[in-house]
Amino acid sequence: NAGVTQTPKFRVLKTGQSMTLLCAQDMNHEYMYWYRQDPGMGLRLIHYSVGEGTTAKGEVPDGYNVSRLKKQNFLLGLESAAPSQTSVYFCASSLGHRGYTFGSGTRLTVV
Amino acid sequence: DQQVKQNSPSLSVQEGRISILNCDYTNSMFDYFLWYKKYPAEGPTFLISISSIKDKNEDGRFTVFLNKSAKHLSLHIVPSQPGDSAVYFCAASGNQFYFGTGTSLTVIP
């Protein structure tokens, strides 16, 4: 049982490049989330989904897009990467709003 | 504006002693609280939770206390072990979870 799997684990982008981060969960969870973690800022919610085909904005959605075409996958896209998006990104899933299972993170550097 | 605050970025404790990690929140509508533990290069993992209808929840060496009037919760680890060295995040639930900034705990052997 893999839980929540994030790919890739590391990535370096040039300013203006685009990329997609993939999150996959095998627990049949309805809810999925994308967070970013920055020093002194804790975990901040970017976007989330309450079910297949649905997405919603979190606390810091600007510069990101998401899609939930399949229940088990939640994709986070950066259309034009900026240095301010250098961060560690965590995906999480849950059955409801009662505790998350997190992936191991993606460390993204934008130069 | 940070709705969940952990005012101590770091804490060092001797092995065998008690570790107390604190967390404050601003929204009285929060009804569920959790603590997560995070090791370097890993995702946060669930540690312990408490509902707003309780003021204490215990799981082995870990106890979470909730003071609703003060909008404050704390995590007690007794006795502290070197393997407890990690970053601890508290989180509070409204329509979504809000996380604190984390406290880095170092347990000194």
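One can find the structure itself at the top, above this paragraph.
All figures in this text were calculated on a predicted structure; none of them were measured in a lab.

## Structural notes on the pattern of salt bridges
Residue and element names in this part refer to chain B.
- Tallied over the entire structure, the rule returns six salt bridges over all chains.
- The salt bridge partner of Lys 37 is Asp 84, with a shortest N-O separation of 3.9 Å. One end of the pair, Lys 37, is in strand E4 (residues 32–38); the other, Asp 84, is in the loop between strand E8 (72–77) and strand E9 (86–93), and 47 residues separate them in sequence. The exposure classification of Lys 37 matches that of Asp 84, with both residues buried.
- One salt bridge in this structure joins Glu 58 and Lys 56, with 4.0 Å as the shortest N-O distance.
- Taking the relative accessible area as the measure of exposure, Glu 58 reaches 53% and is therefore exposed.

## What to know about the packing of aromatic side chains
- On inspection of all chains with the given rule, the structure shows 19 aromatic pairs over all chains.
- Between Phe102(A) and Phe99(B), the ring centres sit 6.0 Å apart and the planes meet at 75 degrees, which makes this aromatic pair edge-to-face. Separated into two different chains, Phe102(A) in strand E10 (residues 101–102) and Phe99(B) in strand E10 (residues 97–99) make up a pair that spans both. As far as burial versus exposure is concerned, Phe102(A) and Phe99(B) are alike and both buried.
- In textbook terms, an aromatic cluster arises when at least three aromatic residues are bridged by ring pairs, as seen for Tyr31(A), Tyr33(A), Tyr35(A), Tyr48(A), Phe90(A), Tyr100(A), Phe102(A), Tyr36(B), Phe46(B), Phe97(B) and Phe99(B).

## Here we look at the pairing of strand E5 (residues 45–51) of chain B
- Inspection of the sheet shows E4(B) paired to E5(B) by six bridges, in the antiparallel sense. What sits directly across from Trp35(B), in E5(B), is Ile48(B).

## Description of the side chain of Asp84(B)
- Judged by relative accessible area, which is 2%, Asp84(B) ranks as buried.
- Setting aside anything within four residues of it in sequence, one finds Asp84(B) in contact with Lys37(B), Arg61(B), Phe62(B), Ile77(B), Pro79(B), Leu105(B) and Val107(B).

## Regarding the state of the cysteines
All names here are of chain B.
- Going through the model one piece at a time under the given rule, you end up with two disulfides over all chains.
- Each sulfur of the disulfide joining Cys 23 and Cys 90 lies 1.9 Å from the other. In this structure the cystine formed by Cys 23 and Cys 90 twists about its S-S bond by roughly 65 degrees; its chirality is therefore right-handed. Highlighted residues: Cys 23 in strand E3 (residues 19–25) and Cys 90 in strand E9, separated in sequence by 67 residues. You'll find Cys 23 and Cys 90 in the same group, each marked buried.

Reading the values: rules and limits
Residues numbered from 1 in each chain as written. Chains lettered and ligands numbered in written order. Predicted model: local features only at pLDDT ≥ 70, side-chain atom pairs only at ≥ 80, totals over all residues. Heavy atoms only, no water. Salt bridge = Lys/Arg side-chain N within 4 Å of Asp/Glu carboxyl O. Helix = DSSP H or I, 4+ residues; strand = E, 2+ residues; numbered from the N terminus. Buried < 20%, exposed > 50% of the residue type's maximum accessible area, 1.4 Å probe, protein only. Phe/Tyr/Trp six-rings, centres within 6.5 Å; stacked < 30°, edge-to-face > 60°. Pairing = 2+ DSSP bridges. Contact = heavy atoms within 4.5 Å. Disulfide = S-S within 2.5 Å.

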